[in-house]
Amino acid sequence: NGLKKYFDIKGGIFGRSVGSVKAVDDVSFTVQEGEILGIVGESGCGKSTTGKSILRLIEPTEGEVKFEDKDITQLSGEDMRKLRRNMQIIFQDPYASLNPRHTVEKIISEPLLIHGMTDAKERKDRVKELLEVVGLSGYHASRYPHQFSGGQRQRIGIARALANNPKLIICDEPVSALDVSVQSQILNLMEKLRDQFNLTYVFIAHDLSVVKHISDRVGVMYLGRMVELTEKDKLYDDPKHPYTKALLSAVPLPDPDIEKDRVILEGDVPSPSNPPTGCAFHTRCPLAMDICKEVRPQFEEIEDNHFVACHLYDETAQ
Ligand code: SF4
Ligand code: MG
């Protein structure tokens, strides 16, 4: 709720703050239990920072993060550590996130040990069980990360995330580094696990095609802001925000009605250290009006469960 994360830019010989990057700039959304919420945007839009702030792997500058009605930004280190068992993350690059000198057994055992499973035999059994849950066999436990393919390594990353029966998993581009053929296998596995363990995912991706199948709702971010958020079908069939339309225009669509509504994206994403005034998208928006340069559009529910931040849908603005 109202989540902000500003990073200081240091400069000069004294390393004083000379400005800030508004990586996440006033973002609010909810995730329901058992839901898969996709968050999509180009690189640098703040989606990973949002995901990491939810786990407090990054401390938010401002705003609340409520997990089961508890504002976790106010929790002490010890309470946060206990709660973290319920909240896990899967990273983009499974290789970088697995210690190359540790066996798979040790990698997956670690979170078990941290959260109190002190019995070695119990841990060994649990590792075997987890490997089987993600489609690997228990005999892989004694191997090292380099002995696996990219897809298998991501399965190990998933097994580690599942170790303590979490409720929420932040999936930070978990398939972006994988071959397309392997991507769908991992996506299918993740969907199956969601059903099997009643998991909740925040699923971060840089393009809309990856989250299309798996998500219940999808949010689109641009330059640190959420610009549109709605149910998956509404977003893909009836996008409202010009930026969402542009992202979808980059994906080939069979529907001629949508075809005529194409928005082609021009120019690069402006720097988040010096974002445009008003609507951050106005420098690239083919529909921009005068007000867009001056006034930041509110993120508002324009129809049932469909949130958009754009002056085109704000009657008082036109
Ligand atoms: Fe385009 Fe204006 Fe809407 Fe921003 S507020 S997306 S500039 S029409
Ligand atoms: Mg990222």
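Residues numbered from 1 in each chain as written. Chains lettered and ligands numbered in written order. Predicted model: local features only at pLDDT ≥ 70, side-chain atom pairs only at ≥ 80, totals over all residues.

UniProt, in its Sequence similarities (unreviewed entry) section for the protein chain, records the words "Belongs to the ABC transporter superfamily." (UniProt positions renumbered as here; feature names shortened; annotations may be inferred.)

1. Comments concerning the sheet that holds strand 8 (residues 200-205)
Judged by pairing direction, the sheet is mixed, and its 8 strands sit side by side in the order 6-7-8-3-9-10-12-11 without closing on themselves. Since the sheet does not close on itself, it has two edges, and those belong to strand 6 (87-90) and strand 11 (300-303), each with one partner. This sheet shows a mean twist of 25° between the axes of neighbouring strands, independent of strand direction. As paired strands, strand 6 and strand 7 (residues 168-172) are joined by 4 bridges and run parallel to one another. Pairing of Ile89 across the sheet is with Ile170, part of strand 7. (Pairing = 2+ DSSP bridges. Helix = DSSP H or I, 4+ residues; strand = E, 2+ residues; numbered from the N terminus. Axes fitted to C-alpha atoms, helices over the stretch in contact; angles between N-to-C directions.)

2. Details of the site of ligand 1
Cys279, His282, Cys285, Cys292 and Cys310 are the nearest of the 14 residues found near ligand 1. Looking at the shell around ligand 1 residue by residue, the class counts come to 11 nonpolar, 3 polar and no charged. (Near = placed C-beta within 6 Å. Nonpolar A, V, L, I, M, F, W, Y, C, P; charged D, E, K, R; others polar.)

3. Brief notes about the environment of Leu235
Among the secondary structure elements, Leu235 is positioned in helix 8 (residues 232-237). Given 27 C-beta atoms within 10 Å, Leu235 falls into the buried group. Measuring from C-alpha to C-alpha, the distance between Leu235 and Val220 comes to 9.4 Å, with 15 residues separating the pair along the chain. Setting aside residues no more than four positions away along its own chain, Leu235 makes contact with Val218, Glu228, Thr230 and Thr244. (Buried ≥ 20, exposed ≤ 12 C-beta atoms within 10 Å, placed from the backbone. Contact = placed C-beta atoms within 7 Å.)

4. Points about unusual backbone geometry
Of note, Asn198 is a non-glycine position whose phi angle comes to about 50°, a positive value. Looking at the element boundaries, Asn198 is found in the loop between helix 6 (180-197) and strand 8. What makes Asn198 exposed here is the crowd of 10 C-beta atoms within 10 Å. With phi around 45°, Leu223 is a residue other than glycine that occupies positive phi space. By secondary structure assignment, the location of Leu223 is in the loop between strand 9 (217-222) and strand 10 (225-231).

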